[in-house]
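Single-letter residue listing:
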Amino acid sequence: MAASYSAVKAIVSGSLLADRAYEELKAAILENRLTPGTPLSVPALADRMGISRSPVREAVQKLIHDGLATHVPHRGAEVSSVDVEDLHQLYVVRESLEGLAARLATERLDVAALTELERILAEHEKVLAEGGGEGAHVRQGMRFHQAIRALTGNRHLIGILDRLQGRTHLGLHSLRRHPHAPRLALEEHRRIYEAMAAGDPDAAEHAARTHVSRLHVRLRPGW
């Protein structure tokens, strides 16, 4: 049975087609518009996006590199699946590294970066106040963490955490989420921000590790 790509948006012609195709497919996967196990047919996706196959092929290869897609012998690429055990292991690693990122970012924080973090938090608050969906919440949460890790200036840490964060979000779609989880996550982001704004690397690391640890706890049945 052919996969439906109706949730994938068309790409406007222009430069950097492979990058834009990648961003659209990544968003579709993380927002669960393309569900785990969905085949990633390059010809069909190229037709849907209105672009040639080459940039789509490049985008799919990058998704495989990032762990968001998997190459299956004799079938081709498909959206990755993350089981519960894998998800727990990802959170154990992510807790330590997000803490490190918050510490390093605090040491490099400037007024412009602080203002950007404030803006992301304000936009996230607006999303929740207006009843925005899971996809909008995911985007704002990822933006907050990406802004922090970008501040570290450590490309190795940035690359590892980008991949870990993508994989953890991918795994969440297979679990029931508590209705208060988005609000709790935003409150924990504020605590990270407050520690960073205070110029306290120890407190920022602790707040970030506590946040990821609590995300992990909220995955457990009966929470």
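Preceding this section is the structure that the text describes.
So, here is what we can say about the structure in this document.

### Quick look at the side chain of Thr 152
Here is step 1: Assignment of secondary structure puts Thr 152 in helix α6 (residues 134–152).
Here is step 2: A polar atom in the side chain of Thr 152 sits 2.6 Å from the backbone oxygen of Arg 149.
Here is step 3: Discounting chain neighbours no more than four positions away, the residues touching Thr 152 are Ala 101, Leu 104, Ala 105, Arg 108, Leu 157 and Ile 158.

### Observations regarding unusual backbone geometry
Here is step 1: Phi angles above zero are rare outside glycine, and Asn 32 is one such case at about 65°.
Here is step 2: Tracing the sequence through the fold places Asn 32 in the loop between α1 (17–30) and α2 (42–49).
Here is step 3: Judged by relative accessible area, Asn 32 falls into the partly exposed class, the value being 28%.
Here is step 4: Even without being a glycine, His 74 presents a positive backbone phi close to 70°.

### Digging into the nonpolar core
Here is step 1: Of all hydrophobic cores here, the largest spans 60 residues; its most connected members are Leu 25, Leu 34 and Leu 40.
Here is step 2: The dominant element in this core, judged by the number of residues it contributes, is helix α4 (residues 84–107), at seven residues.
Here is step 3: Contact partners of Leu 25, with chain neighbours within four places excluded, come to Val 8, Leu 34, Leu 45, Met 49, Ala 59, Val 60 and Leu 63.

### Quick notes on helix α5 (residues 111–129)
Here is step 1: An ideal rise of 1.5 Å per residue puts 27 Å on 19 residues; α5 measures up with 27 Å between its terminal C-alpha atoms.
Here is step 2: Packing partners of the buried residues in α5 comprise α6 and α8 (181–197).
Here is step 3: Following α5 by one or two positions, Gly 131 adopts a phi angle in the positive range, close to 75°.

### Describing the pattern of salt bridges
Here is step 1: What the rule picks out here adds up to 17 salt bridges.
Here is step 2: With a closest N to O distance of 3.0 Å, Arg 33 and Glu 24 form a salt bridge.
Here is step 3: With its nearest N and O atoms 3.8 Å apart, the salt bridge here joins Arg 143 to Glu 116. Residue Arg 143 is found in helix α6, and its partner Glu 116 is found in helix α5; the two are separated by 27 residues along the sequence.
Here is step 4: For Glu 116, a relative accessible area of 29% translates into the label partly exposed.

### So, the packing of aromatic side chains
Here is step 1: If you walk through the whole model with that rule in mind, you get zero aromatic pairs.
Here is step 2: In this structure, Lys 62 is placed above the aromatic ring of Tyr 22, and the distance from its NZ or CZ to the ring centre is 4.3 Å.

### Re the packing of α4 against α6
Here is step 1: Packing of α4 against α6 brings their axes to within 8 Å, and their N-to-C directions diverge by 60°. Taken together, the axes of α4 and α6 lie oblique to each other. Handedness of the α4/α6 crossing: left-handed. Residues Arg 94, Glu 98, Ala 101, Ala 102, Leu 104 and Ala 105 of α4 touch α6, and the partners they reach there are His 145, Ile 148, Arg 149, Leu 151 and Thr 152.
Here is step 2: Per-class residue counts for the contact of α4 with α6 are six nonpolar, two polar and three charged.

Cut-off values and rules
- Residues numbered from 1 in each chain as written.
- Predicted model: local features only at pLDDT ≥ 70, side-chain atom pairs only at ≥ 80, totals over all residues.
- Heavy atoms only, no water.
- Helix = DSSP H or I, 4+ residues; strand = E, 2+ residues; numbered from the N terminus.
- Polar contact = N/O pair within 3.5 Å; in protein donor to acceptor, adjacent residues only side chain to side chain.
- Contact = heavy atoms within 4.5 Å.
- Buried < 20%, exposed > 50% of the residue type's maximum accessible area, 1.4 Å probe, protein only.
- Core = buried A, V, L, I, M, F, W, Y, C linked by side-chain atoms within 4.5 Å.
- Expected span 1.5 Å × (residues − 1).
- Salt bridge = Lys/Arg side-chain N within 4 Å of Asp/Glu carboxyl O.
- Phe/Tyr/Trp six-rings, centres within 6.5 Å; stacked < 30°, edge-to-face > 60°.
- Lys NZ or Arg CZ within 6 Å of the ring centre and 35° of its normal.
- Axes fitted to C-alpha atoms, helices over the stretch in contact; angles between N-to-C directions.
- Parallel < 35°, antiparallel > 145°, perpendicular 65-115°, else oblique.
- Left-handed = near helix turned anticlockwise from the far one by under 90°.
- Nonpolar A, V, L, I, M, F, W, Y, C, P; charged D, E, K, R; others polar.

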